[in-house]
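Topology and contacts: notes
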Amino acid sequence: MARYCNISCQKRAWPVHKRECKCMQSLLPRIPTDSVRLAARLLFALLSPSESSSEELYTLEEHESHLSSMSEHKKQGLAQLASMLELYLQQEVSCLTKEVTSALPPSCREPVSLIAKMTCNCFTISDGELQEIGVGLYPSLSLLNHDCRPNCVMVFVGTKLQLRAVRDINPEDELTISYIETLSLTEDRQRQLEDQYHFTCCCQHCDSQDKERLMLSGHEATWRLLKEALPRLEGLKAESDWKALLDGCSRLLSPVGDEVPDDNLYKLRMTDMAVDASIHLGHWEEAAEYGEKTLPVYRQYYPDPHPVHGVQLMRVGKLQHYLEHIEDALETFKQAYQIIKLTHGDDHPMTSELRMKMEECRTEMVQQSFSSH
């Protein structure tokens, strides 16, 4: 359940992990969820005033739990997590007595309230290529409000979270982030925000619905077939059944042709899955072909610099480079660099990697020029 890349990494983790290690062992064969483990780490930090993080964690008092607006079904789910948390903590915090809980902020003393507060305010930790690798609580950044076209994005360097501006911001403007993936229909975004964060989004992007017609462009009867197939294909992706996924995507995408343009949201999602499947199967030409189709669409839907767009360009550039389409690769890497240097910053490993990739392409083009003379 807890793995370390080497002994020094394990030693650095031990001050925090030694407490949860006992808790994990006491709960076996049951395995606590990520949210239970995070809640326990949070409690350990709050109950250890010497830890530098505990001071910032006290700002949790300012965060909403939204318990009062939750459905009974959701409250029951949280109650089950709270019961598991109490079982999990038995080994290290024999019981959440008044003496113990008095050290906690008032709204964090009830396990259900703590878990509700945490699930509404935690962030998914991702690597440079936006693959999910964990979950964490960053209390000060949780206070930022949502906008479906935000003026800031968040990127991770390890577990360190950086807030970066993607548009010019005036001194009196509010800093905003997006709580969800914004590439979806207004109705779907609003539903997700209501379910997960308990508010109705009325941002300018939602009010204007300016991309809706583009997202649903094409012959409706045809794109509905793509939409209906997506849950099954997402299941294959979750199971890493790449061959069945690629077969399913190509079988559905081939006959669509011009009836559904590449701008259609459901066609884009399926094309993206075809890229993933092709890469995992080592079908590089197919992966590049599918990937190249997505780039003009991403440009349409992400008018501001966005990590998702930058990572997609970088991914396609790597495929073009591997296939020795050097000029195409250089152009794609240049476009990725213009985005990544803003969304990730000059000193991020991804930005450094892109600079290196562009230099490789330029060197190879010089070599090709020499060999052809």
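Counting of residues starts from 1 at the beginning of each chain's written sequence and follows it residue by residue. It should be noted that, the model being predicted, local features are given only for residues of pLDDT at least 70 and side-chain atom pairs only at 80 or more, the latter also being counted only at that level, while totals for whole chains, interfaces and linings use all residues. Only hydrogens and water are set aside when side-chain values are computed; all heavy atoms of the structure are taken into account.

This next bit is on the overall build of the protein chain. When helices and strands are counted, the protein chain shows 16 helices and six strands. When the backbone C-alpha atoms are referred to their principal axes, the protein chain occupies close to 80 × 50 × 50 Å. The criterion used for residue contact is that any of the two residues' heavy atoms lie within 4.5 Å. Nonlocal contacts in the protein chain, meaning residues at least 24 apart in sequence, comprise 65% of its contacts between residues at least 6 apart. Computed by Shrake-Rupley with a 1.4 Å probe, the accessible areas treat only the displayed protein chains as cover when residues are assessed. Carbon and sulfur atoms provide 50% of the accessible area of the protein chain, an area that totals close to 20200 Å². Put simply, DSSP H or I for four residues or longer makes a helix, DSSP E for two residues or longer makes a strand, and each gets a number counted from the N terminus.

Residues enter patches when they are more than 30% accessible in relative terms and free of salt bridges; like-charged ones are connected within 9 Å and nonpolar ones (Val, Leu, Ile, Met, Phe, Trp, Tyr) within 5 Å. Between Lys or Arg on one side and Asp or Glu on the other, a salt bridge is scored when a side-chain nitrogen of the former is within 4 Å of a carboxyl oxygen of the latter. Residues scored as charged are limited to Lys and Arg (positive) and Asp and Glu (negative), so that His and the chain ends carry no count. Throughout, a charge is located at the NZ atom of Lys, the CZ atom of Arg, the CG atom of Asp or the CD atom of Glu. Among the surface-exposed residues, Glu285, Glu289, Glu292, Glu327, Asp328 and Glu331 lie close enough to one another that they form a single negatively charged patch. Those elements that provide at least two residues to the negative patch are helix H13 (284–301) and helix H15 (326–343). Relative to the elements of secondary structure, glutamate 327 occurs in helix H15.

Another aspect to go through is the environment of alanine 336. Within the secondary structure, alanine 336 is located in helix H15. Burial here depends on accessible area, computed with a 1.4 Å probe over protein chains only, as a share of the maximum for the residue type. Under 20% is buried, over 50% is exposed, and the range in between is partly exposed. Overall, alanine 336 belongs to the buried group, its relative accessible area being 0%. Separated by 108 residues in sequence, alanine 336 and glutamate 228 have C-alpha atoms that sit 32 Å apart. Setting aside anything within four residues of it in sequence, one finds alanine 336 in contact with Gly310, Leu313, Met314 and Leu354.

The next point concerns the pairing of strand E5 (residues 160–165). The pairing of strand E4 (residues 152–157) with E5 spans six bridges and is classified as antiparallel. Bridge pairing links phenylalanine 156 to leucine 161 in E5. By definition, two strands form a pair when at least two bridges between them are found by DSSP. Following E4, the chain reverses through two residues before pairing antiparallel with E5; glycine 158 in that reversal takes a positive phi of roughly 65°.

Everything listed here is a matter of coordinates, which is why it stays silent on function.
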